[in-house]
Amino acid sequence: MRLTTTTTAPEQQVLVWAEIALAIGSVAPILGMPIIVGALQDGWGYTAEYAGYVTSIDLAGLLVGSVLTSWLARRLDWRWYVGGALTLSAAFNLLCAPFHSVVPLCCFRFAAGFASGATYASSLTLLSRSSEPARAFSFLILLQVLANAVVLGLFPLLNERWGPAAIFVAIAGVLAASLAVVPLLPGRDMTAATPSPARATQRRPPLSVPLLPALCLMAVALFYVTIGSYWAYAERMGIGFGISTKQIHWLLSAGVLLSAAACLSARAVSHRIGQSRALLIALTMLATALLIHGMLPTPTMFVITLAVLQLCWNFIDIFQLGTLAVLDPSGRAAALVPAAQGAALAAGPAAAGFVLGLGKGYTAVLLLAGLTAALAAVTYAVVHRRYRRESVPVRISF
């Protein structure tokens with residue numbers, strides 16, 4: 001289903017950019033996760049275990065907000081829904097600033113994550129219904145890379161001067177500023193309410209997903225367990241391996257350039273070797289680097305693994321969304337991507353925190369991340385093999 005009813009081409013372009021802006025603003029806490037975890041430990045005295053739990057609760061809220069949005073998508077007035085979600089998310093982030101103890105902070109982070117998840121899912125749902133969803137997702141991921149560089153450069157400065165409270169206030173400011181694009185969104189979703197005659201007899205429950213897209217969503221979740229478990233503790237790992245905090249922040253920011261290079265090269269790689277092969281190669285590279293780093297915990301391997309992660313992360317994201325676009329052109333599976341990401345990003349830091357609480361150290365966290373990346377690669381291999389047997393292979397251009 002595409003939003004092409006009464007809007008002109010320029011209006012559709014403005015709408016796509018508005019949706020991209022919403023998606024970027026709503027994931028600011030995810031982009032700054034390693035800085036937030038470190039800030040909670042250094043500024044408010046949290047242990048590594050409890051800092052991971054706070055982050056997991058935040059991401060659990062993202063999961064719930066995403067699932068709710070996917071379920072209600074056919075009945076929503078997008079302007080009111082997204083506007084309300086942004087307002088609530090900004091308010092709850094502000095409330096995090098004065099409350100430093102675990103219980104109130106966890107409650108506010110869950111509520112903030114819930115509202116951000118609703119906004120993020122709304123933006124992805126609307127982008128998946130645009131006339132060129134693959135191109136829109138490609139631009140989204142590229143701009144998220146640039147936003148990531150800004151966040152990783154700004155958040156440490158805010159934390160150093162004013163502590164973790166300043167980070168939460170900054171996130172609230174970004175969300176409040178995002179309200180400016182809400183009037184550009186469509187109102188009530190008429191396209192979703194009036195399915196085509198060809199699909200009238202093929203109704204499925206609101207959250208029902210066919211087998212292959214469901215397997216892709218499972219692979220997305222496995223990949224984001226990798227991201228969550230590693231990314232939440234990236235700063236602490238570097239310090240544990242003998243790298244200074246300032247050098248780590250520089251590496252995190254500079255590594256974003258690798259992500260930008262991956263986004264810009266995705267189209268050429270897709271045309272040359274196909275997105276299926278590119279996705280499997282990237283996941284295999286990431287899993288191999290993490291597993292080797294878990295067995296060789298040296299500063300050099302930290303730098304190499306971080307570089308591989310930054311190179312592969314958004315590259316993998318582009319081809320994951322591209323695969324879902326091939327398997328489910330309606331965009332319903334893409335609408336559930338934030339839910340899969342939220343569940344995995346909640347589980348990842350919690351699993352890593354549990355491992356650290358057992359005294360296993362960061363090497364065990366690296367092995368955990370490598371294993372889940374390998375499982376994601378295996379899952380996609382099964383999907384691509386079955387898809388090739390069922391239909392003619394399709395390539396997507398970005």
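If you're wondering where the values come from, they're calculated on a predicted model, not measured in any experiment. (Residues numbered from 1 in each chain as written. Predicted model: local features only at pLDDT ≥ 70, side-chain atom pairs only at ≥ 80, totals over all residues. Heavy atoms only, no water.)

1. So, the overall build of the protein
And then number 1: Assigned secondary structure in the protein consists of 18 helices and zero strands.
And then number 2: In the protein, buried positions account for 57% of the 398 residues.
And then number 3: In the protein, of all internal contacts separated by at least 6 residues, the share reaching a separation of at least 24 is 85%.
And then number 4: By element, 69% of the accessible surface of the protein is carried by carbon and sulfur atoms, the whole surface being about 16200 Å². (Helix = DSSP H or I, 4+ residues; strand = E, 2+ residues; numbered from the N terminus. Buried < 20%, exposed > 50% of the residue type's maximum accessible area, 1.4 Å probe, protein only. Contact = heavy atoms within 4.5 Å. Areas by Shrake-Rupley, 256 points an atom, 1.4 Å probe, with all protein chains shown as cover.)

2. Describing the nonpolar core
And then number 1: Among the nonpolar cores identified, the biggest contains 130 residues, and Phe223, Tyr230, Trp231, Tyr233 and Met237 are the most heavily contacted of them.
And then number 2: No other element matches helix H15 (residues 299–327), which puts 14 residues into this core.
And then number 3: When sequence neighbours within four positions are dropped, the list of residues in contact with Tyr233 reads Val37, Ala48, Glu49, Gly52, Pro349, Ala352, Gly353, Leu356 and Tyr362. (Core = buried A, V, L, I, M, F, W, Y, C linked by side-chain atoms within 4.5 Å.)

3. Things to note about the packing of helix H4 (residues 48–72) against helix H6 (residues 102–128)
Two packed helices can be described by the angle between their axes and the distance between those axes.
And then number 1: Put simply, H4 and H6 touch, their axes get as near as 6 Å, and they point 40° apart. Handedness of the H4/H6 crossing: right-handed. Residues Val54, Ile57, Asp58, Ala60, Gly61, Leu62, Val64, Gly65, Ser66, Leu68 and Thr69 of H4 form the contact with H6, whose participating residues are Leu105, Cys106, Arg109, Phe110, Gly113, Phe114, Ser116, Gly117, Ala118, Ala121 and Ser122.
And then number 2: Split by residue class, the contact of H4 with H6 holds 12 nonpolar, eight polar and two charged. (Axes fitted to C-alpha atoms, helices over the stretch in contact; angles between N-to-C directions. Left-handed = near helix turned anticlockwise from the far one by under 90°. Nonpolar A, V, L, I, M, F, W, Y, C, P; charged D, E, K, R; others polar.)

4. Considerations on the packing of helix H13 (residues 245–273) against helix H14 (residues 275–295)
And then number 1: Close contact between H13 and H14 brings their axes to 7 Å; oriented N to C, the two are set at 115°. Compared by their axis directions, H13 and H14 come out roughly perpendicular. Here H13 contributes Val269, Ser270 and Ile273 to the contact with H14, which in turn contributes Gln275, Arg277, Ala278 and Ile281.
And then number 2: A breakdown of the residues in the contact of H13 with H14 according to their chemical character gives four nonpolar, two polar and one charged. (Parallel < 35°, antiparallel > 145°, perpendicular 65-115°, else oblique.)

5. Focus on the pattern of salt bridges
And then number 1: Summed over the entire model, instances satisfying the criterion amount to three salt bridges.
And then number 2: Between Arg109 and Asp58 there is a salt bridge whose closest N-O contact spans 2.7 Å. Of the two residues, Arg109 sits in helix H6 while Asp58 sits in helix H4, which places them 51 residues apart along the sequence.
And then number 3: Here Asp58 falls in the buried class, since its relative accessible area comes to 12%.
And then number 4: A salt bridge links Glu235 to Arg236; the shortest N-O distance between them is 3.3 Å. The exposure classification of Glu235 matches that of Arg236, with both residues buried.
And then number 5: One network of salt bridges, in which partners are shared, links Asp42, Glu235 and Arg236. (Salt bridge = Lys/Arg side-chain N within 4 Å of Asp/Glu carboxyl O.)

6. Considerations on a nonpolar patch on the surface
And then number 1: A cluster of nonpolar side chains, namely Leu258, Ile281, Met285 and Leu311, defines an oily patch on the protein surface of about 300 Å² accessible area.
And then number 2: The partly exposed category is assigned to Leu311, whose relative accessible area is 33%. (Patch = residues over 30% accessible without salt bridge, like charges linked within 9 Å, V, L, I, M, F, W, Y side chains within 5 Å.)

7. Concerning H4
And then number 1: Its 25 residues give H4 an end-to-end C-alpha distance of 37 Å, which sits within 8% of 36 Å, the value for a rise of 1.5 Å per residue.
And then number 2: Looking at where H4 begins, the residue whose side-chain oxygen comes 3.2 Å from the main-chain nitrogen of Tyr50 is Thr47. (Expected span 1.5 Å × (residues − 1). Polar contact = N/O pair within 3.5 Å; in protein donor to acceptor, adjacent residues only side chain to side chain.)

8. A look at helix H5 (residues 78–96)
And then number 1: Across its 19 residues, H5 extends 27 Å between first and last C-alpha, which sits within 8% of the 27 Å expected from 1.5 Å per residue.
And then number 2: Taken together, the buried positions of H5 are Trp78, Tyr81, Val82, Gly83, Ala85, Leu86, Ser89, Ala90, Asn93 and Cys96.

9. Observations concerning the side chain of Ser178
And then number 1: In this structure, Ser178 sits in helix H8 (residues 164–178).
And then number 2: Residues in contact with Ser178, not counting those within four places in the same chain, are Leu22, Gly25 and Leu86.

10. Regarding the side chain of Thr323
And then number 1: Here Thr323 shows up in helix H15.
And then number 2: Look at Thr323 and you get buried, because its relative accessible area is 4%.
And then number 3: Aside from chain neighbours lying at most four places away, what touches Thr323 is Cys216, Gln275, Leu279 and His384.

11. Section: the environment of Leu280
And then number 1: With respect to the helices and strands, Leu280 occurs in helix H14.
And then number 2: Judged by relative accessible area, Leu280 falls into the partly exposed class, the value being 24%.
And then number 3: On a C-alpha basis, the gap between Leu280 and His384 in space is 9.7 Å, while along the polypeptide they are 104 residues apart.
And then number 4: Apart from the residues lying within four places of it in its own chain, the contact partners of Leu280 are Ala377, Tyr380, Ala381 and His384.

12. Some words on the environment of Glu235
And then number 1: Note that Glu235 resides in helix H12 (residues 234–240).
And then number 2: We classify Glu235 as buried; its relative accessible area is 4%.
And then number 3: Between the alpha carbons of Glu235 and His249 there is a distance of 7.6 Å; along the sequence they are 14 residues apart.
And then number 4: Apart from residues no more than four positions distant in its own chain, Glu235 is found in contact with Pro34, Ile35, Gly38, Thr245, Ile248 and His249.

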